[in-house]
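Summary of the model geometry
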Amino acid sequence: MKTIDLTGQKVLALRDVEKVRTAGATELLVAERCVITPSARDFLQQHDIALRTGNGHSAQVGARVPSSSDSIAHKLPMPDAKLFHSAEAEKIKTEICAVGKKLWARQYVDGNGGNISYRIGPNAVICTPTLMSKGDLTPEDLCMVDLDGNQIGGTRPRTSEIFLHLEIYKAVPEAKSVVHCHPPHATAYAITGTVPPTRVVPEYEVFVGTVAIAPYETPGTPAFAQTVLPFVKHHNTVLLANHGIVCWADTVTHAEWYAEVVDTYCWTLMVASQIGAPLTYIPEAKTCELLSIKRRLGLPDARFDTGGMKECQLSDLEMPRKVAVVSSGCSVPQATATELDVEAMVKSITDAVMAALDEK
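Read on for an overview of the structure. Keep in mind the model is a prediction, meaning the values are calculated, not measured.

We now examine the pairing of strand 8 (residues 124–127). Of the two faces of strand 8, the one carrying Ala-124 and Ile-126 and the one carrying Val-125 and Cys-127 are both buried. In this sheet, strand 8 lies alongside strand 7 (residues 115–121) in antiparallel orientation, the contact comprising four bridges. If you follow Gly-121 over to strand 8, its bridge partner there is Ala-124. In sequence, strand 7 turns back onto strand 8 through a hairpin of two residues. The pairing of strand 8 with strand 9 (residues 143–145) spans three bridges and is antiparallel. Paired with Cys-127 across the bridge in strand 9 is Cys-143.

The next subject is unusual backbone geometry. Phi at Leu-131 is positive, roughly 55 degrees, even though this residue is not glycine. Its place among the elements puts Leu-131 in the loop between strand 8 and strand 9. Residue Leu-131 is classed as exposed on the basis of its relative accessible area, which comes to 67%. Positive phi, close to 65 degrees, is recorded for Arg-199, a residue that is not glycine. By the secondary structure assignment, Arg-199 is in the loop between strand 12 (194–195) and helix 6 (202–207).

Here is what the cut-offs are and how they apply
- Residues numbered from 1 in each chain as written.
- Predicted model: local features only at pLDDT ≥ 70, side-chain atom pairs only at ≥ 80, totals over all residues.
- Heavy atoms only, no water.
- Buried < 20%, exposed > 50% of the residue type's maximum accessible area, 1.4 Å probe, protein only.
- Helix = DSSP H or I, 4+ residues; strand = E, 2+ residues; numbered from the N terminus.
- Pairing = 2+ DSSP bridges.

So, in structure tokens, the structure goes:
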């Protein structure tokens, strides 16, 4: 066994652990309060490099390690490893695998894309592993992590995008499951920066309704995980710019339902646009009835918090909006081609009227 002393480092990153592996290390000595990045932890686990703290205590890589002071997980009780093999966990694992097969069958994920998770305890989340097709999952493939992303169960490394899920769980206590996938029609809206119009299909109004677009960041990074924070409290579905979608719900199956609802809705809008006739919208009063149903179901909607907007004044939300997604996470509405055409038409009519008046 070759031990390398890194107790002088406050942060241990991927490049650090890659160097020690090249040096032939099988064990690392780290400081008690050392912060180990998620990618570094994954690398250590994959290459069976053990951790030991400076005071002589061992620190299994798959278990929780010291984390930053702003961590939530270190303030919560450590999950019992037995939870991962409990009857409740086995039921959840089976449901995750079934949902993974549905996502794959509907072509919402390709290759090893997408990820699924379920919060089984205050500080425990069961999730899918990295580098596996969602169509091939078995319960034995799944992992369990705490809210810091430290893996505490499972033999395969957890998905690198688990931090997107964890940010949602921290921000939305009602969220019990998160599904991230790449359904083609909803993703088409995401890559064009376009928010689908509302007040067209009742099921969409009730189960999804308004969606937001989160700005692009490199998947798997902390910055990527945080892009959804401005939106997830008022939306159960967020389009991820140039990437896909993420949905949260009270069960794994329900989160997958929302992915189906939003993608089918976007698909339907695309088909309708080919007819060449304008969309007809659900009347405002009837939309209010749908929103009442939604509120009773406990589902979020940004239209519940419209400030000075009257309860049923929803018509300004019916037009599809082009959104400029900026790095700060803010969405700035821009004029669509349709809006520009209307503006040009109004100007043309105004000019014609003024010209006619001048001739008199």
